[in-house]
Amino acid sequence: MSTHHTARPHPPGPLDRWYEQAGVRTGVRRMFHEETERGRVFFPAGLVPYAGHEAVRRLPPERVRELTVRHLYQFLLSTTHLETRVVNTAAEAVANARTGLDLPPALRPDAFKVYCDEGYHALYSLDLADQIAAATGIAIPDEDYGGFVDRLRTSARRALPDAPALAALLQAVVFETLITAVLNEVPGDPSVVGVVRDLLRDHARDEGRHHRFFSALFRELWTHLSAADRVKAAKALPELIRTALTWDLAPVRTSLRLAGLDADTARRVADDCCAAGPDLRRLNDTARSTLRLCAAVGVFDLPGMREHFAAHGLGDGDADPAATEPVEQETQ
Ligand SMILES: [Fe+2]
Ligand SMILES: [Fe+2]
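Residues numbered from 1 in each chain as written. Chains lettered and ligands numbered in written order. Predicted model: local features only at pLDDT ≥ 70, side-chain atom pairs only at ≥ 80, totals over all residues. Heavy atoms only, no water.

1. Here we look at the overall build of the chain
As a reminder of what qualifies: Helix and strand definitions here come from DSSP, where helices need a minimum of 4 consecutive H or I residues and strands a minimum of 2 consecutive E residues; each element is numbered from the N-terminal end. Each radius of gyration reported is based on C-alpha atoms, and the globular scaling rule is 2.2 Å times the count of residues to the power 0.38. Under the scheme applied here, a residue whose accessible area is under 20% of the maximum for its type counts as buried, over 50% as exposed, and between as partly exposed, the area being computed with a 1.4 Å probe on protein chains only. What makes two residues a contact is simply this: any of their non-hydrogen atoms within 4.5 Å. Computed with the Shrake-Rupley method and a 1.4 Å probe, the accessible areas treat only the protein chains shown as cover for residues. The charge count treats Lys and Arg as positive and Asp and Glu as negative. His and the chain ends do not count. A charge is said to be at NZ when it belongs to Lys, at CZ for Arg, at CG for Asp and at CD for Glu.
Secondary structure summary: the chain contains 14 helices and zero strands in total. Relative to a compact globule of 332 residues, whose C-alpha radius of gyration would be 20 Å, the chain shows 20 Å and is just as compact. Taking the principal axes of its C-alpha atoms as reference, the chain extends roughly 65 × 45 × 30 Å. Sorting the 332 residues of the chain into buried and exposed places 51% on the buried side. Considering only contacts within the chain whose residues lie at least 6 apart along the sequence, 81% involve residues at least 24 apart. When the accessible surface of the chain is split by element, carbon and sulfur atoms take 52% of a total near 15,200 Å². Counting 39 positive and 46 negative side-chain charges, the chain places the averaged centre of each group 1 Å from the other.

2. Section: the coordination of the iron ion (ligand 1)
Rules: For Na, K and Ca the donor cutoff is 3.2 Å, while for all other metals N, O and S atoms count as donors only within 2.8 Å; water does not appear among the atoms, so some sites may look incomplete.
Surrounding the iron ion (ligand 1) are the protein donor atoms Glu83 (OE), Glu118 (OE), His121 (ND1), His203 (NE2) and Glu207 (OE), which sit 1.9 to 2.3 Å from the metal. Motif for the iron ion (ligand 1), donor spacing along one chain: E-x34-E-x2-H-x81-H-x3-E. The distance between the iron ion (ligand 1) and the iron ion (ligand 2) comes to 3.5 Å, and Glu118 binds to both of them. With a gap of 120 residues between them, Glu83 in helix 4 (residues 61-95) and His203 in helix 8 (residues 194-224) connect regions that are remote in the sequence. We classify Glu83 as buried; its relative accessible area is 0%.

3. Section: the nonpolar core
Selection rule: As used here, the term nonpolar core means buried Ala, Val, Leu, Ile, Met, Phe, Trp, Tyr and Cys residues forming a set that is joined through side-chain atoms within 4.5 Å.
Formed by 101 residues in total, the largest nonpolar core has its most connected members in Leu256 and Val299. Of the residues forming this core, the biggest block, 14 residues, is contributed by helix 4. Here Leu256 is in contact with Tyr50, Val56, Leu67, Leu261, Ala266, Val269 and Ala270, once residues within four sequence places are set aside.

4. Quick word on the coordination of the iron ion (ligand 2)
Each protein donor to the iron ion (ligand 2) is listed here as Glu118 (OE), Glu176 (OE), Glu207 (OE), Glu207 (OE) and His210 (ND1); together their distances run 1.9 to 2.5 Å. Along the chain, the residues that donate to the iron ion (ligand 2) are spaced as E-x57-E-x30-E-x2-H.

5. Overview of unusual backbone geometry
You will see that Ala97, though not glycine, has its phi angle at about 55°, which is positive. Within the secondary structure, Ala97 is located in the loop between helix 4 and helix 5 (107-136). Since its relative accessible area comes to 52%, Ala97 is described here as exposed.

6. A short note on helix 13 (residues 288-297)
Burial analysis of helix 13 places seven of its ten residues in the buried class, the great majority of the element. Elements that come into contact with the buried residues of helix 13 comprise helix 7 (164-183), helix 8, helix 9 (227-244), helix 12 (280-286) and helix 14 (305-311).

7. Some details on the side chain of Thr246
Our working rule: What qualifies as a polar contact is a pair of N or O atoms within 3.5 Å, subject to a donor-acceptor requirement within protein and to the restriction that residues adjacent in sequence count only when both atoms come from side chains.
Summarising the element assignment, Thr246 is placed in the loop between helix 9 and helix 10 (249-258). Among the residues examined, Thr246 registers a relative accessible area of 11% and is labelled buried. Side-chain polar atoms of Thr246 contact the backbone oxygen of Arg242, separated by 2.7 Å. Residues in contact with Thr246, not counting those within four places in the same chain, are Phe148, Arg151, Cys274, Ala275, Gly277 and Pro278.

8. Focus: helix 11 (residues 263-274)
Rule in force here: Expected span of a helix: the number of residues minus one, times 1.5 Å. Relevant arc is that of directions from the helix axis to the C-beta atoms, nothing else.
The terminal C-alpha atoms of helix 11, which comprises twelve residues, lie 16 Å apart, in line with the 16 Å expected from a rise of 1.5 Å per residue. Buried residues of helix 11: Thr265, Ala266, Val269, Ala270, Cys273 and Cys274, and no others. Summarising the axial view, the buried residues of helix 11 lie within an arc of 130°, below the 170-degree limit, and thus occupy one face. Facing away from the buried surface of helix 11 by more than 90 degrees, the exposed residues are Asp264 and Asp272. Against the buried residues of helix 11 lie helix 3 (54-57) and helix 10. Here helix 11 starts with a cap whose side-chain oxygen sits 3.1 Å from the backbone nitrogen of Asp264, and that cap is Asp262.

9. What about the pattern of salt bridges?
Operational definition: Note on definitions: salt bridges are taken to be side-chain nitrogens of Lys or Arg within 4 Å of carboxyl oxygens of Asp or Glu.
Tallied over the entire structure, the rule returns 19 salt bridges. Here Arg30 and Asp202 are joined by a salt bridge, their closest N and O atoms 2.8 Å apart. Placement of the pair is Arg30 in the loop between helix 2 (23-26) and helix 3 and Asp202 in helix 8, with a sequence separation of 172 residues. Exposure remark for Arg30: the relative accessible area of 25% places this residue in the partly exposed category. Notably, a salt bridge pairs Arg58 with Glu54, separated by 3.6 Å at the nearest N-O pair. Look at Glu54 and you get partly exposed, because its relative accessible area is 47%. A cluster of three or more residues bridged by salt bridges with shared partners is formed by Arg30, Asp198, Arg201 and Asp202.

Structure, rendered in structure tokens:
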């Protein structure tokens, strides 16, 4: 039996107080009460990429409301896929020491904590979508909301064909250092249904801790990579970032069809508004912590890498190497 982690104290970690802080340990089930939510939107209009399209603006208000509800479903259900299929694939490998990398043993219990958190996030995301569908009568379309998991996998494996374990870790690091920014866009918006804001705030709190865990993991794995693998990994990052922030088109098209647009118009709106991913300002805003982390480990010191990121519309995160950690989550 190994005794490797009995003696050496390790520095404070982001999940040290998990038993007292994690949503799955201490949170409440968020319930949708339709009567108290009247007059609010289900998702911020500014974050529904096709809401401003002229073909959508011509629709009756009731159809637009249904579109917004289905956009929330897409957000929640694509979250369930990412949590359980991307993040937990990586968390499991770390937790069971199956990465093939010589990682610190202290990461193993923390990875199981992440694993528990993500399973719970998937559960409550599905639960809220089901509650809203039951209360509003706006059905959840029978769609595959996990399409971009496949896109993420494809781009990670294309970049690192000989290192599938590393590719899986890299996708998780990218996603986990982006998601806090995505989740934090909604809870402060008073126009949005309260239970949606509460749920996303719950999620963001856990993700603030995950962010620090995956930042530490990235630093560890970066130190283990050969020079050649560092270049391959760094080259993969821009596409992984973009893919993680680009909506799947198929569920968007289906939702637009259900709102009354014909097939050609639905396809055109989805292509115009979603295919290219977020605009450059939003892309860089959302990816700021990921880019800072890249800067901190030295990604942009590799020859040509700053230009490679710039070719994908990504800057270097105004890199202050000391500023890789989110600070806002622990205040509540
Ligand atoms: Fe999560
Ligand atoms: Fe997470």
